[in-house]
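An overview of the molecular structure
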Amino acid sequence: MSILEVNGLKKVYSTRFGGNKVEALKKVSFSVEEGEYVAIMGESGSGKTTLLNILAALDKPTGGMVKLDGWDFSRIKESAVAAFRRDNLGFVFQDFNLLDTFSLEDNIYLPLVLAGKHYAEMSQRLAPIAVQLGITEILKKYPYEVSGGQKQRVSIARALANNPRILLCDEATSALDLETTEGILALLKRINTELGVTIVFITHQLEVAQRIFDRVAVMENGVIIEQGKTFDGFAEPHHETTQALVERFLGVAVPERLVPELPVGRLVELRYKGDHAFDPLISAVSSRHGVAINVLHGNVEYFGTQPIGTLVVLVAAIREGQRGARDVEDALDELRGTVFGFKELTDAAVEEALDAPYGGGPRTAAQTKKTVQQEVLV
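This write-up is about the structure you can find in this document. (Residues numbered from 1 in each chain as written. Predicted model: local features only at pLDDT ≥ 70, side-chain atom pairs only at ≥ 80, totals over all residues. Heavy atoms only, no water.)

**Observations concerning the sheet that holds strand β4 (residues 63-68)**
Ordered in space as β2-β1-β4-β5, the 4 strands form an open sheet in which the pairing is antiparallel. Each end of this open sheet is capped by a strand with a single partner; those strands are β2 (21-33) and β5 (71-72). Where β4 lies against β5, 2 bridges are found, and the strand directions are antiparallel. Its bridge partner being in β5, L68 is matched across the sheet by W71. Where helix α1 (residues 48-55) meets the sheet, its contacts fall on β1 (2-14), β2 and β4, and the angle it forms with β1 comes to roughly 120°. (Pairing = 2+ DSSP bridges. Helix = DSSP H or I, 4+ residues; strand = E, 2+ residues; numbered from the N terminus. Contact = heavy atoms within 4.5 Å. Axes fitted to C-alpha atoms, helices over the stretch in contact; angles between N-to-C directions.)

Right, dumping it as structure tokens:
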């Protein structure tokens, strides 16, 4: 069942005197199921922050609707907005938004105080959350006395204190180092899994979006251009922007220092997905077709819980002449038919030592080197 539904959402901003209009959101539609952990990803200016502000009831749409449990809260009266946010939504911000004059404990209590809760109830709510987030020992400290990762844990505790229906995270790891980011993402996943809290996470970082989300929506120019399960969306993206984004992330290059030493051959980038990322394909193909396959670069990245492997290999003939050329073609055909991504990075072909030139005419070693240098980068 969908806990959050967004239908045909539009947002148009006007300049002070109405001379220019900027359409920040253009008929955005998507839904979030109860208990899901969803990422909304996009570059600066894509519209994701505007979308978050509307989801957070901090701004109103120009058109369309946003429903929480079937109720259109984009039409809520101004007098009821604050209470609605406090009762239904939790927020985790990029810069923590903690008050330096309050202890960490008091920062967490603040939304509960505003909700009129008694101290005994506040203390009772905080105790299990503090244990789960590992902040019990620092609650009496002040924000300036703890690390960025600890501040974000406190920010998460504050967001959870009111038992929100949805937790909205705005670039919640952008200000943190890699190790701390991984810890916070794992912590949010545990909260999602163990407490069943629905989480919508806004980010511009693919390395964050790839990790642990159930689904990902990619935005560009105020439109959702791609959405679906994390692995499917990044393993086989349909929109050219998402394709370029994934290519920049997964694409590899032969180290420059290796280029002068490359033998004549066919340079190929291979992509595997799922369990096939760990298949011993290279050795099997090399053995079956009697070719030399040199691995120049390799990498495995996880999207959700499934891997995508990338290899750059140089396929070269062992036998001479046309027979060697056919061996290479047969090996490439098997690779092409087995992996889900195949790209030849250069037209450098196997030169035949005794017979007529193979594929594209004769080529000196210097020409081959130049071609590889020009075309090897993905």
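Don't stop here, the text continues.
**Focus on the packing of helix α5 (residues 148-160) against helix α6 (residues 178-195)**
To characterise two packed helices, one gives the angle between the axes of the helices and the distance between these axes. The contact between α5 and α6 brings their axes to 10 Å, and the two run at 20°. As judged from the angle between their axes, α5 and α6 are roughly parallel. Two packed elements cross with a definite hand, and for α5 against α6 that hand is right-handed. In this structure, α5 contributes G149, Q152, R153, I156 and L160 to the contact, and α6 contributes T180, G183, I184, L187, L188 and I191. (Parallel < 35°, antiparallel > 145°, perpendicular 65-115°, else oblique. Left-handed = near helix turned anticlockwise from the far one by under 90°.)

**Points about empty space enclosed by the protein**
By the definition in use, this model includes 3 cavities of 30 Å³ or more. Put simply, the largest cavity is a space of about 50 Å³. Together, V216, V218, E226, Q227, G228, K229, T230, G233, F234 and T242 line the largest cavity. At the level of elements, β9 (215-220), β10 (223-229) and α8 (230-235) are the ones that each hand at least two residues to the lining of the largest cavity. When residues of the lining of the largest cavity are assigned to their parent elements, the largest contribution, 4 residues, is made by β10. When its residues are assigned to classes, the lining of the largest cavity shows 3 nonpolar, 5 polar and 2 charged. (1 Å grid on protein atoms, 1.4 Å probe; cavity = no way out; pocket = protein on both sides within 12 Å on 5 of 7 lines; lining within 4 Å. Points joined across faces, edges and corners; volume = space filled by probe spheres on them. Nonpolar A, V, L, I, M, F, W, Y, C, P; charged D, E, K, R; others polar.)

**What to know about the layout of surface pockets**
Computed from the structure, the largest pocket encloses a volume of approximately 420 Å³. Elements supplying a minimum of two residues to the lining of the largest pocket: α2 (78-88), β6 (89-92), α3 (104-114) and α5. Per-element tally for the lining of the largest pocket: the top contributor is α3, with 4 residues. Partitioned by chemical class, the residues of the lining of the largest pocket number 9 nonpolar, 3 polar and 3 charged.

**Focus: the packing of aromatic side chains**
Per the stated rule, a full pass over the model turns up 8 aromatic pairs. Relative to F213, the ring of F201 lies with its centre 5.4 Å away and its plane at 55°, an arrangement referred to as tilted. With F201 in strand β8 (residues 198-203) and F213 in the loop between α7 (206-209) and β9, this pair connects stretches of sequence that are 12 residues apart. What makes F201 buried here is its relative accessible area of 0%. An aromatic cluster is present here, built from Y37, F201 and F213 joined pairwise through their rings. Taking NZ or CZ as reference, K273 lies 5.2 Å from the ring centre of F340, over its face. (Phe/Tyr/Trp six-rings, centres within 6.5 Å; stacked < 30°, edge-to-face > 60°. Buried < 20%, exposed > 50% of the residue type's maximum accessible area, 1.4 Å probe, protein only. Lys NZ or Arg CZ within 6 Å of the ring centre and 35° of its normal.)

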